[in-house]
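# An overview of the molecular structure
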Amino acid sequence: LKDGREVAVKCFHEENETEETIKQFMKETDILGLLHHQNLVSLYGRTSRNCDKPMLVYAYISNGTLTKHLHESSGGKLPWHNRLNIAIETATALVFLHESGIIHRDVKGSNILLDENFTVKVADFGFSRSLPDHATHVSTIPVGTRAYIDPDYYESGRVSDKSDVYSFGVVLFELISSIRPSLMEGTDYVTLAQFAKRKILNKELTAVVDQSFWLGVDKNMMEMITAVAELAFQCVQCP
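Since the model is a prediction, treat every value here as computed from it, not as a measurement.

The rules behind each value
Sequence positions are assigned chain by chain, starting from 1 and proceeding in written order. A pLDDT threshold of at least 70 governs which residues receive local features in this predicted model, and a stricter bar of 80 or more applies before side-chain atom pairs are shown or counted, although totals over entire chains, interfaces and linings include all residues. Based on all heavy atoms of the structure, the side-chain values leave hydrogens and waters out of the count. Counting from the N terminus, the helices are DSSP H or I runs at least four residues long and the strands are E runs at least two residues long. Burial classification: accessible surface area is computed with a 1.4 Å probe over protein chains only, and a residue below 20% of its type maximum counts as buried, one above 50% as exposed, and the rest as partly exposed. To measure how exposed things are, a 1.4 Å probe is used in the Shrake-Rupley method; for residues, cover is taken only from the protein chains shown. Between Lys or Arg on one side and Asp or Glu on the other, a salt bridge is scored when a side-chain nitrogen of the former is within 4 Å of a carboxyl oxygen of the latter. For our purposes a nonpolar core is just a set of buried Ala, Val, Leu, Ile, Met, Phe, Trp, Tyr and Cys residues, chained together by side-chain atoms within 4.5 Å. Comment: axis = line fitted to C-alpha atoms, over the contacting stretch for helices; angle = value between 0 and 180 degrees taken between N-to-C directions. Roughly parallel means an angle under 35 degrees; roughly antiparallel means over 145; roughly perpendicular covers 65 to 115; every other angle is labelled oblique. Left-handed describes a crossing in which the near helix is turned anticlockwise from the far one by less than a right angle; the clockwise case is right-handed. By definition in these notes, contact holds between two residues if any of their heavy atoms fall within 4.5 Å. Here the rule is simple: two strands pair whenever DSSP picks up at least two bridges between them. Throughout this description, a polar contact denotes any pair of N or O atoms lying within 3.5 Å of each other; where both atoms belong to protein, one of them has to be capable of donating a hydrogen while the other can accept it, and for residues adjacent in sequence the pair is counted only when both atoms sit in side chains.

## Topic: the overall build of the protein
When its secondary structure is counted, the protein shows 7 helices and 11 strands. Expressed as a percentage of its 239 residues, the buried residues of the protein come to 45%. Taken as a whole, the protein presents about 12800 Å² of accessible surface, with 52% of it coming from carbon and sulfur.

Rendered as structure tokens:
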């Protein structure tokens with residue numbers, strides 16, 4: 001922009017333009033227009049409601065997604081201290097959203113953006129829902145990426161802030177394991193949450209933790225990794 005800010009413009013092709021897509025764009029503007037937090041992506045503006053090609057203008061987040069750094073990067077492993085900070089800042093963003101009555105509904109590695117300092121910017125609010133005062137859940141059609149979705153929400157259609165907590169637990173398991181959210185086990189696909197829960201119950205935590213973290217690890221780091229694994233385990237328990 002003229003003032004020197006770098007921006008990212010989100011738009012879509014005309015063949016993908018549906019009423020639901022328009023709703024998602026409007027949902028993002030409604031939420032990000034009202035909520036501002038250091039760990040949420042900043043929305044600078046959008047085209048008018050009646051524009052032929054709706055577009056959203058965001059702050060450009062230069063370092064890509066958490067998914068890219070965990071599973072697609074050729075530049076070496078993401079250090080443990082960065083992973084721990086990402087976990088803390090993602091949790092901070094979710095607490096802020098939940099206290100504001102918003103359920104994200106699509107918490108996953110590709111919606112966790114990282115700036116040049118590896119500061120978290122949670123993005124993509126097209127599926128988000130408001131939770132009315134005193135309500136414990138909202139009934140809706142399940143959306144999102146299957147391996148991150150709370151099984152109870154997937155089966156019942158009842159979504160709550162606990163659904164975001166489940167998805168966050170999957171992200172925590174990704175951070176400690178460097179394993180994708182779904183994986184092959186023998187000839188079957190299983191979710192990372194299923195795999196990690198079974199290994200932890202069998203007292204096989206080492207199978208869940210990225211093997212490189214055990215090399216030269218000190219007691220303090222081992223305690224932190226174990227604590228994150230225990231927290232992730234608690235997050236993905238079904239009601």
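## A closer look at the pattern of salt bridges
Pairs can form between side chains of opposite charge once their charged atoms are near each other. Enumeration over the complete set of coordinates arrives at 6 salt bridges. Between Asp124 and Lys10 there is a salt bridge, and its shortest N-O distance comes to 3.6 Å. Placement of the pair is Asp124 in the loop between strand 6 (120-122) and strand 7 (129-130) and Lys10 in strand 1 (residues 7-10), with a sequence separation of 114 residues. Residue Lys10 is classed as partly exposed on the basis of its relative accessible area of 28%. Connected through salt bridges with shared partners, the residues Lys10, Glu28 and Asp124 form a single ionic network.

## Concerning the nonpolar core
Most often, soluble globular proteins keep nonpolar side chains buried together rather than apart. With 57 residues, the main nonpolar core has Leu66, Trp80, Ile86, Phe173 and Leu175 as its most contacted residues. Residue contributions to this core peak at 8 residues, all from helix 5 (residues 161-177). Counting 6 residues, the second-largest nonpolar core is a separate cluster that includes Ile103, Ile149, Tyr153 and Val159.

## A look at helix 6 (residues 192-201)
Given 3.6 residues per helical turn, the α-helix brings residues three or four places apart onto the same face. All of the buried residues along helix 6 are Leu192, Ala193, Phe195, Ala196, Lys197 and Lys199. Count one or two residues on from helix 6 and you reach Lys203, which has phi positive near 60°.

## What to know about the packing of helix 5 against helix 6
When two helices pack together, you describe them by how their axes are tilted relative to each other and by the distance separating the axes. Interaxial distance between helix 5 and helix 6 falls to 10 Å at its minimum, and their mutual angle equals 70°. Compared by their axis directions, helix 5 and helix 6 come out roughly perpendicular. Taken as a pair, helix 5 and helix 6 cross one another with a handedness that is left-handed. Along the contact surface, helix 5 presents Tyr166, Val170, Phe173, Glu174 and Ser177, while helix 6 presents Leu192, Ala193, Ala196 and Ile200.

## Topic: the sheet that holds strand 3 (residues 56-59)
Sheet strands pair by backbone hydrogen bonding; their relative direction is either parallel or antiparallel. The strand order 1-3-2 describes an open sheet built from 3 strands, whose pairing is antiparallel. Bordering the open sheet on either side are strand 1 and strand 2 (43-46), each of which pairs with just one other strand. Between one strand axis and the next, the sheet turns by 20° as a mean value, whatever way the strands run. When strand 1 meets strand 3, the two strands line up antiparallel, connected through 4 bridges.

## Overview of the side chain of His37
Inspection of the secondary structure assignment puts His37 in the loop between helix 1 (19-34) and strand 2. A distance of 2.9 Å separates a polar side-chain atom of His37 from the backbone nitrogen of Asn39. Each residue touching His37, except ones within four places of it in the same chain, is listed here: Thr92, Ala93 and Phe96.

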